[in-house]
Number of protein chains: 2
Amino acid sequence: MDKLEDYKRPSVAVDIVVFTIMHGRLKVLLIKRGREPFKDLWCLPGGFVRIDESPENAALRELKEETGIKDLYLEQLYTFGKPERDPRGRVISIAYFALVDSTKIKPAVTGEEGIKKIGWFDVDFLPDLAFDHKEIITYALKRLRYKLEYTAVGFELLPDKFTLTDLQKLYETILGEKLDKRNFRKKAMAMGIVEKTREQRKGSHRPALLYTFRKKASSSAFKQVKFEK
Amino acid sequence: MDKLEDYKRPSVAVDIVVFTIMHGRLKVLLIKRGREPFKDLWCLPGGFVRIDESPENAALRELKEETGIKDLYLEQLYTFGKPERDPRGRVISIAYFALVDSTKIKPAVTGEEGIKKIGWFDVDFLPDLAFDHKEIITYALKRLRYKLEYTAVGFELLPDKFTLTDLQKLYETILGEKLDKRNFRKKAMAMGIVEKTREQRKGSHRPALLYTFRKKASSSAFKQVKFEK
DNA sequence: ACAAAAGTGTTCCTAATACACCCATGA
DNA sequence: TCATGGGTGTATTAGGAACACTTTTGT
């Protein structure tokens, strides 16, 4: 094997695709670029990996710095490394996939006064994006839909207490299809994935029971599906 | 976002976990290190990503240089990036997952005379490994078993023509469990994943029909399983 | 004729789907 | 009393699992 010094080194960055559900729509967090290249275009939050930190740490750090978000579900998505993907030079980017419960987002993040301009965009109406970030989001979306169907990762998008209708709406929003209420509830219960609380949520109609997520059962599949190679 | 020059850059490498089936056993390709650190320990084939090539290209190039293998199934596995994973300094490694049909391996690769010493090791009897390569292999194995159950990736480990018993043995070897012959064949046929040829393989018993893989149907699941989060 | 692997169907059971009405509350 | 979403059960169907014997060939 060759020596480390023999090679010009690429820069290594992380980019994070953060999803949340707001007003029944699936949203991605974007940041407006303040400089060239792609000045004033939107891009994913992210930044360079420091020489003494793990990529995962870099992702968490950048998210906190840029958006204030720190309590979220994070997993590695894919490493994008085509030589021409960044006009500034060789940048290899380790992309991460993240989910946050929108009720935990601080006002600063949804809002107006940070140095960086940030915003949540509906996945079906994304603006033009810098670099290959469109491709990264597309990949992340695929992963999200896929994971939702056979893991219990969806709970990461809900507050601690939620109604079964909340949960079903979340599935319907992300998968883009209507689900049968009775079958959905039957399955959620049968899997032991949720647990009743004694609390209710009120509205101008019959109050709904609140449930919590049982971590114990989180590895069960919600729906078994074929996998696209 | 900060400037590229502001950061010390890590080295970026690729490591490839190449699986094959030999004599009914699942094997991984390893290379003996010729220098420190970890001199004389076995490690995964791999090397540094050049400044103008994609990581996938680097993986293919290194495999060809080190082992002569060039016709294989390759997909990105995971990026390992803990700061302390390489004692020489900061090296982030993009791991790849590869499958080869053992009948396509050139003698030089299975053999003795290359500059590098290389060998195929039974996954159940791995030697001590350099760096975090044990962990990488464990991760790759998990991926292999997982993919085998819900994609048709197993064909990458067989020659173009094979018997259904070959295919079943492959599944049994990798999954580590006996499968029912009738159910297995029924499913393989029902999925339209294989196609009869007019050829047979002979032995001192009833000859077996040879089949080929139908690429068309490759996305179907072989067996639907629960997913471990 | 025997050894060795190839090949083949049916029954049972579980899990997914389809489907429609009553309930509890606030206004 | 009405509007709104909450909550519930059954019948049908499809797919997975269990299971044993006959066939074809070489020696």
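Residues numbered from 1 in each chain as written. Chains lettered and ligands numbered in written order. Predicted model: local features only at pLDDT ≥ 70, side-chain atom pairs only at ≥ 80, totals over all residues. Heavy atoms only, no water.

Residues and elements named next belong to chain B. Relative to the elements of secondary structure, Cys43 occurs in strand β3 (residues 42-43). Its relative accessible area of 3% is what places Cys43 among the buried residues. Sequence-wise, Cys43 and Asp15 are 28 residues apart; in three dimensions their C-alpha atoms are separated by 9.1 Å. For Cys43, the residues in contact, after removing those within four places along its chain, are Leu30, Ile31, Arg33, Leu129, Ala130 and His133. (Helix = DSSP H or I, 4+ residues; strand = E, 2+ residues; numbered from the N terminus. Buried < 20%, exposed > 50% of the residue type's maximum accessible area, 1.4 Å probe, protein only. Contact = heavy atoms within 4.5 Å.)

All names here are of chain A. Mapped onto the elements of the fold, Asp15 is located in strand β1 (residues 11-22). Reaching out from Asp15, the side chain makes a polar contact with the side chain of Ser93 at a distance of 2.6 Å. Within the local environment of Asp15, its side chain forms a polar contact with the side chain of His133, the two groups lying 3.5 Å apart. When residues no more than four places from it in sequence are discounted, the contact partners of Asp15 are Leu44, Pro45, Gly46, Arg85, Ser93, Ile94, Ala95, Tyr96, His133 and Ile136. (Polar contact = N/O pair within 3.5 Å; in protein donor to acceptor, adjacent residues only side chain to side chain.)

This brings us to the protein's contact with DNA strand C. Lining the immediate environment of DNA strand C, one finds 20 residues, of which Asn183 and Pro207 of chain A together with Lys181, Arg185 and Leu209 of chain B sit closest. Between Asp180 of chain A and DNA strand C, the recorded distance is 3.3 Å, taken from a side-chain N or O atom to a base nitrogen. Mapped by element, the contributors of at least two residues to the surface near DNA strand C are α5 (181-190) and β9 (205-213) of chain A together with α5 (181-190) and β9 (205-213) of chain B. Among the elements that line the surface near DNA strand C, the one with the most residues is β9 of chain B, at five residues. For the surface near DNA strand C, the residue count by class is four nonpolar, six polar and 10 charged. (Near = heavy atom within 4 Å. Nonpolar A, V, L, I, M, F, W, Y, C, P; charged D, E, K, R; others polar.)

Before going further, it helps to examine the packing of helix α4 (residues 164-175) of chain B against α5 of chain B. All names here are of chain B. Close contact between α4 and α5 brings their axes to 11 Å; oriented N to C, the two are set at 105°. Classified by the interaxial angle, the pair formed by α4 and α5 is roughly perpendicular. Packed against α4, whose contacting residues are Leu164, Thr165, Leu167, Gln168 and Tyr171, the element α5 presents Lys181, Phe184, Arg185 and Met189 at the interface. Among the residues making up the contact of α4 with α5, the classes are represented as five nonpolar, two polar and two charged. (Axes fitted to C-alpha atoms, helices over the stretch in contact; angles between N-to-C directions. Parallel < 35°, antiparallel > 145°, perpendicular 65-115°, else oblique.)

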